[in-house]
Amino acid sequence: MTSVALAFSGGLDTTVCVSLLKEEYGYDEVVGVTVDVGQPESEFAEARETAEAHGLDLHVVDAKAEFADLCFESVRANATYQGYPLGTALARPVIAEAILEVAETEGCDALAHGCTGKGNDQLRFEAVWRRSDLEVVAPVRELELTREWEMAYAEDNDLPVQSGNDGVWSIDTNLWSRSVEGGDLEDPGHVPGEEIYEWTTDPATATETELVEIGFEDGYPVALDGEELDPVELIRRLNDRAGAHGVGRTDMMEDRMLGLKVRENYEHPAATTLLAAHESLEGLVLTKDERDFKRRVDDEWAQKGYEGLVDHPLVDALEGFVAETQARVTGTVTIKFEGGRARPVARESEYAAYSEDAASFNTEDVGGITQKDATGVAKYHGFQGRLANAARDAVEGREDDEGDWE
Ligand code: ARG
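Just so we're clear, the structure is a prediction, and the values are computed from it rather than from any experiment.

A closer look at the sheet that holds strand 1 (residues 3-7)
At step 1: With parallel pairing, the five strands of this open sheet are ordered in space as 3-2-1-4-5. Edge strands, defined here as strands with exactly one partner in the open sheet, are strand 3 (57-62) and strand 5 (135-137). Averaged over all adjacent pairs, the angle separating strand axes in this sheet is 25°, with direction ignored.
At step 2: Of the strand pairs in this sheet, strand 2 (residues 29-36) and strand 3 are connected by six bridges, and their pairing is parallel. Residue pairing in the sheet places Val33 in a bridge with His59 of strand 3.
At step 3: Along the sheet face, helix 2 (residues 41-54) touches strand 2 and strand 3 and points at about 160° away from the line of strand 3.

Next up, the structure:
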């Protein structure tokens, strides 16, 4: 008897895969694994329903806490990819690990996902799975299935399909972001209607403002308005609060790993808020040199995060640097929600690399340094550029003279 563990969401792709793994691939048993990274309850109900209709043995694994921890690592690295806070990308390695674990304990022969051969998720899943000796099967990619074919197949075989949008869009939701793609959104020139959004109200109608104070410890978000919360709860509450102000919508052209561009729409109210707050606190406590260099480290972290390679040795090394800087990123930031924006309006920390006295226009002498001490610096400032320009002008002047003689 052969069995395969399938990454199962209850959505169209994975629902079709259940049948195909038996019929086309000849597996005797399909073990469905749904990993909870904060999808809405309705998705689990759908997954259970579909599994039941299939007689599919379904395992639901709760990985919310692990996923939220990874999201907070990404906050420490200010991680976004082309403006997208990596919700789908960071969830994949967490999901892949959980499925691999089930496959191993259940003694499965293979691992399967319902990803297409065009997207990023196939790469992210397999980067984790190919560490094991289990076979990896990708029916949608290998059989070159299209969404239309899948919809027709589901109808012909009476397979239940995601009810929410009748499968018009492909939606991926977890704690950190909600992604909507496909259907009419594939036309980058199409203006999406309000109906694609679920987490955010139309920023145009969000006229009231609200303040929220976010507490950080070592760069990790730990509290909202003084109340300490675990990462999952903190993200959930902030998604609700910021979402009500229309915060965190992204409509973008995204360059996928294979080079194909995709038009993506995202909602990520909590992520937008936490990233803005974190960066603002870094602005208070880190030196300019650290901030400049960290931007490069952050970019590399985000790139690896996007690739689903958070286990890469480079990431460990980058996190070494990040951790060194984050030891001082402790304090609070006040964010003002206003009309779709999350704007830092105040920040405080015991580690502030800032002296109000030194920067103030109203004090004369700080640490023995007076205004006059800047005179020498001001004289030298731009000196090399002035020398270079003067030399060039002299040469050009000579050339002009030579020109006159001709
Ligand atoms: N393009 C994004 C990524 O690669 C998200 C894809 C989400 N998938 C979906 N079916 N909506 O991270």
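Things to note about unusual backbone geometry
At step 1: Positive phi, close to 45°, is recorded for Asn78, a residue that is not glycine.
At step 2: Note on placement: Asn78 falls in the loop between helix 3 (64-76) and helix 4 (87-105).
At step 3: Unlike most non-glycine residues, Asp218 shows phi in positive territory, near 50°.
At step 4: With respect to the secondary-structure elements, Asp218 resides in the loop between strand 8 (210-217) and strand 9 (220-224).

Some words on the pairing of strand 14 (residues 341-348)
At step 1: Two elements, strand 13 (residues 331-338) and strand 14, share seven bridges in a ladder whose sense is antiparallel. Counted as the bridge partner of Glu338 is Arg341 from strand 14.
At step 2: Hairpin connection from strand 13 to strand 14: two residues lie between these consecutive antiparallel strands, with Gly339 at a positive phi of about 45°.

Regarding the pattern of salt bridges
At step 1: In this structure the tally under the stated criterion is 26 salt bridges.
At step 2: The partner of Asp62 in a salt bridge is Lys64, with the nearest N and O atoms 3.3 Å apart.
At step 3: Given the relative accessible area of 52%, Asp62 is considered exposed.
At step 4: Between Asp255 and Lys261 there is a salt bridge, with its nearest N and O atoms 2.7 Å apart.
At step 5: On the basis of relative accessibility, which here comes to 24%, the residue Asp255 falls in the partly exposed class.
At step 6: By sharing partners, the salt bridges in this structure join Arg92, Asp121, Arg124 and Asp172 into a single network.

A few points about the UniProt feature "binding site: L-aspartate" (unreviewed entry) in the protein chain
At step 1: The feature "binding site: L-aspartate" (unreviewed entry), as annotated in UniProt, sits at Thr116, Asn120 and Asp121 in this numbering.
At step 2: Residue contacts for Thr116: discarding those within four places in its chain leaves Gln122, Val140 and Arg141.
At step 3: Its location among the elements puts Asp121 in helix 5 (residues 121-129).
At step 4: Ignoring sequence-local partners within four residues, the contact set of Asp121 consists of Thr88, Arg92 and Cys115.

A look at the UniProt feature "domain: Arginosuccinate synthase C-terminal" (unreviewed entry) in the protein chain
At step 1: Mapped onto the present numbering, the UniProt feature "domain: Arginosuccinate synthase C-terminal" (unreviewed entry) falls at residues 169-387.
At step 2: Regarding residues 169-387, the helix share stands at 37% and the strand share at 26%, and the terminal C-alpha atoms are separated by 61 Å.

Some points on the packing of aromatic side chains
At step 1: Summed over the entire model, instances satisfying the criterion amount to eight aromatic pairs.
At step 2: Ring plane angle 5° and centroid distance 4.0 Å describe the contact between Tyr84 and Tyr266, whose orientation is recorded as stacked. With Tyr84 in the loop between helix 3 and helix 4 and Tyr266 in strand 12 (residues 261-267), this residue pair connects regions lying 182 residues apart in the sequence. The exposure classification of Tyr84 matches that of Tyr266, with both residues buried.
At step 3: Ring geometry for Phe293 versus Phe321: centroids 5.3 Å apart, planes at 70°, classification edge-to-face. Linking Phe293 in helix 10 (residues 288-307) with Phe321 in helix 11 (residues 313-326), this pair joins segments that are 28 residues apart in sequence.
At step 4: The structure contains a cluster of three or more aromatic residues connected by ring pairs, namely Tyr81, Tyr84, Tyr266 and Tyr306.
At step 5: The ring of Tyr197 has Arg249 sitting right over it, with the charged end atom 3.5 Å from the ring centre.

What to know about the side chain of Ser3
At step 1: Within the element layout of this structure, Ser3 appears in strand 1.
At step 2: Its relative accessible area of 6% is what places Ser3 among the buried residues.
At step 3: Residues within four places of Ser3 in sequence aside, it is in contact with Tyr27, Glu29, Gly107, Cys108, Asp109 and Ala110.

Looking at the sheet that holds strand 11 (residues 249-255)
Note: strands within a sheet are paired through backbone hydrogen bonds, in either parallel or antiparallel orientation.
At step 1: Pairing is antiparallel in the open sheet, where four strands are placed in the order 6-7-12-11. Two strands close off the open sheet at either side, each with one partner strand: strand 6 (170-173) and strand 11. On average, each strand axis in the sheet is inclined to that of its neighbour by 25°, with strand direction left out of account.
At step 2: Pairing of strand 7 (residues 178-181) with strand 12, which is carried by three bridges, proceeds in the antiparallel orientation.

Definitions and limits used
Note that residues are indexed from 1 along each chain, following the sequence as it is written. Owing to the predicted nature of the model, reporting of local features is limited to residues with pLDDT of at least 70; listing and counting of side-chain atom pairs is limited to 80 or more, with chain, interface and lining totals taken over all residues. Only heavy atoms go into the side-chain values, all of them from the structure, while hydrogens and water stay out. Whether two strands pair comes down to DSSP finding at least two bridges between them. Put simply, DSSP H or I for four residues or longer makes a helix, DSSP E for two residues or longer makes a strand, and each gets a number counted from the N terminus. Axis lines are fitted through C-alpha atoms, for helices just across the contact stretch, and the angle between N-to-C directions can take any value from 0 to 180 degrees. Should any heavy atoms of two residues lie within 4.5 Å, those residues are counted as being in contact. One speaks of a salt bridge when a side-chain nitrogen belonging to Lys or Arg is within 4 Å of a carboxyl oxygen belonging to Asp or Glu. For every residue, the accessible area (1.4 Å probe, protein chains only) is compared with the maximum for its type, and the residue is labelled buried under 20%, exposed over 50%, or partly exposed between those bounds. UniProt positions are given in the numbering used here, feature names are shortened, and annotations may be inferred rather than shown by experiment. Two aromatic rings, drawn from Phe, Tyr or Trp (for Trp, its six-membered ring), form a pair once their centres lie within 6.5 Å of each other, and the interplanar angle then sorts them: stacked below 30 degrees, edge-to-face above 60, tilted otherwise. Think of it as a cone above the ring: NZ of Lys or CZ of Arg counts as a charge over the ring if it is within 6 Å of the ring centre and within 35 degrees of the ring normal.

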